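Remarks on the overall topology
Next come the chains, spelled out residue by residue.
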Amino acid sequence: MAKFIVLLGLPGAGKGTQAHIISKTLNLAHISSGDIFRENLKNQTELGKLAQTYMDRGALVPDDVTIAMIQDRLSRPYCNNGALLDGFPRTPTQAKALDEMLSKTNQKIDCVPYINVPAEVLIERLSGRWSCPTCGFVYHEKFNPPIKPGICDKDQGELYQRADDKVETVKKRIDVYWEQTSPLIEYYQQNNLLLEIDGTQAIENVSNQLLDSIQRRNS
Ligand code: AMP
């Protein structure tokens, strides 16, 4: 049976980094709503142009557009074995839409790991972040640097810094998270799906703790 995992955490909690590791280990498709918007932006699609007006302000792209985009991804064959969702859902409306999408094919969310990191640690983390435009891998100049500065270890892509990782936009993204996304913590807790993970540890320890709690959940 296909497995669906939703990864929750404030911007900078390490969702992207962990999603790469966990999806590979568990052989799940990695669906990152932020990456899909950035890819559309790079290709200057209509979706990308629309998303940019929200992303630049650290605001959320409207629910209807985001839900349709994820629905399309989940229906593709690469999700047949399941998916790890990173950055979606981000509002209660999106969470309900996801439940409905999955229940139409008799599927459901297996668990929702929540990577918990105190807000004060996040700003330092986000401002040192560098991403690969090709594979999407995220480095940190202090905590997880590439072997060669500015170059991706995996595919030699030239690393770039996200426009919305500027301190002011980061603060706005954290505010938006508390207002619009934090109700999901309670929603999934009530549904007995939440697994809280301490995100202040080293990357490898967070991955191990994540894999451990996901696997224990299934045994
Ligand atoms: P992320 O890379 O997940 O931090 O997302 C970057 C930006 O993309 C966010 O600040 C939002 O503007 C937009 N975005 C990503 N995922 C969503 C979502 N599920 N709902 C609405 N907007 C989103």
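The structure this text deals with has already been given above.
These remarks concern the structure in this document. (Residues numbered from 1 in each chain as written. Predicted model: local features only at pLDDT ≥ 70, side-chain atom pairs only at ≥ 80, totals over all residues. Heavy atoms only, no water.)

Some thoughts on the overall build of the protein
Along the backbone of the protein there are nine helices and seven strands. The C-alpha atoms of the protein give a radius of gyration of 16 Å, which matches the 17 Å a tight globule of 219 residues would have. In terms of its C-alpha atoms, the protein occupies a principal-axis envelope of roughly 45 × 40 × 35 Å. Looking at the protein residue by residue over its 219 residues, the buried ones come to 49%. Restricting to contacts in the protein with at least 6 residues of sequence separation, those with at least 24 account for 70%. Carbon and sulfur atoms make up 50% of the accessible area of the protein, which amounts to about 11,100 Å² in all. Of note, the protein has its 25 positive side-chain charges centred 2 Å away from the centre of its 27 negative side-chain charges. (Helix = DSSP H or I, 4+ residues; strand = E, 2+ residues; numbered from the N terminus. Rg over C-alpha atoms; globule rule 2.2 N^0.38 Å. Buried < 20%, exposed > 50% of the residue type's maximum accessible area, 1.4 Å probe, protein only. Contact = heavy atoms within 4.5 Å. Areas by Shrake-Rupley, 256 points an atom, 1.4 Å probe, with all protein chains shown as cover. Lys, Arg positive; Asp, Glu negative; His and termini not counted. Charge placed at Lys NZ, Arg CZ, Asp CG, Glu CD.)

What about the packing of helix α4 (residues 63–74) against helix α5 (residues 92–103)?
In a packed pair of helices, the relevant descriptors are the angle between the two axes and the axis-to-axis distance. It is the contact of α4 with α5, at a shortest axis distance of 10 Å, that shows an interaxial angle of 30°. The angle between the axes of α4 and α5 places the two elements in the roughly parallel class. Viewed along their axes, α4 and α5 form a crossing whose handedness is right-handed. For the pair α4 and α5, the contacting residues are D63, T66, I67, Q71 and L74 in the first and T93, Q94, A97, L98 and M101 in the second. Residues of the contact of α4 with α5, tallied by class, amount to five nonpolar, four polar and one charged. (Axes fitted to C-alpha atoms, helices over the stretch in contact; angles between N-to-C directions. Parallel < 35°, antiparallel > 145°, perpendicular 65-115°, else oblique. Left-handed = near helix turned anticlockwise from the far one by under 90°. Nonpolar A, V, L, I, M, F, W, Y, C, P; charged D, E, K, R; others polar.)

Quick word on unusual backbone geometry
Put simply, F88 and P89 share a cis peptide bond, and its omega is 0°. Phi is positive for N27, which is not a glycine, with a value near 55°. You can see N27 is positioned in the loop between α1 (15–26) and β2 (29–32). Residue class for N27 comes out exposed when judged on its relative accessible area of 55%.

With respect to the sheet that holds strand β1 (residues 3–7)
Backbone hydrogen bonds are what pair the strands of a sheet, in a parallel or an antiparallel way. Spatially, β1-β3-β2 is the arrangement adopted by the three strands of the open sheet, whose pairing is parallel. Here the strands that pair on one side only, and so sit at the sheet edges, are β1 and β2. This sheet shows a mean twist of 15° between the axes of neighbouring strands, independent of strand direction. Where β2 and strand β3 (residues 82–86) come together, four bridges link them in parallel fashion. Within β3, the residue paired with H30 across the bridge is L84. Sitting on the sheet, α1 touches β1, β2 and β3, and the angle it makes with β3 is about 175°. (Pairing = 2+ DSSP bridges.)

Side note on the site of the ligand
Neighbouring the ligand are 16 residues; S33, R38, A59, G87 and Q94 lie closest to it. Within the side chain of R38, an N or O atom sits 3.0 Å from an oxygen atom of the ligand. Between the ligand and R162, the relevant distance is 3.1 Å, taken from an oxygen atom to a side-chain nitrogen or oxygen of the residue. Starting from 470 Å² of accessible surface for the ligand in isolation, the protein chains cover 96%. (Near = heavy atom within 4 Å. Polar contact = N/O pair within 3.5 Å; in protein donor to acceptor, adjacent residues only side chain to side chain.)

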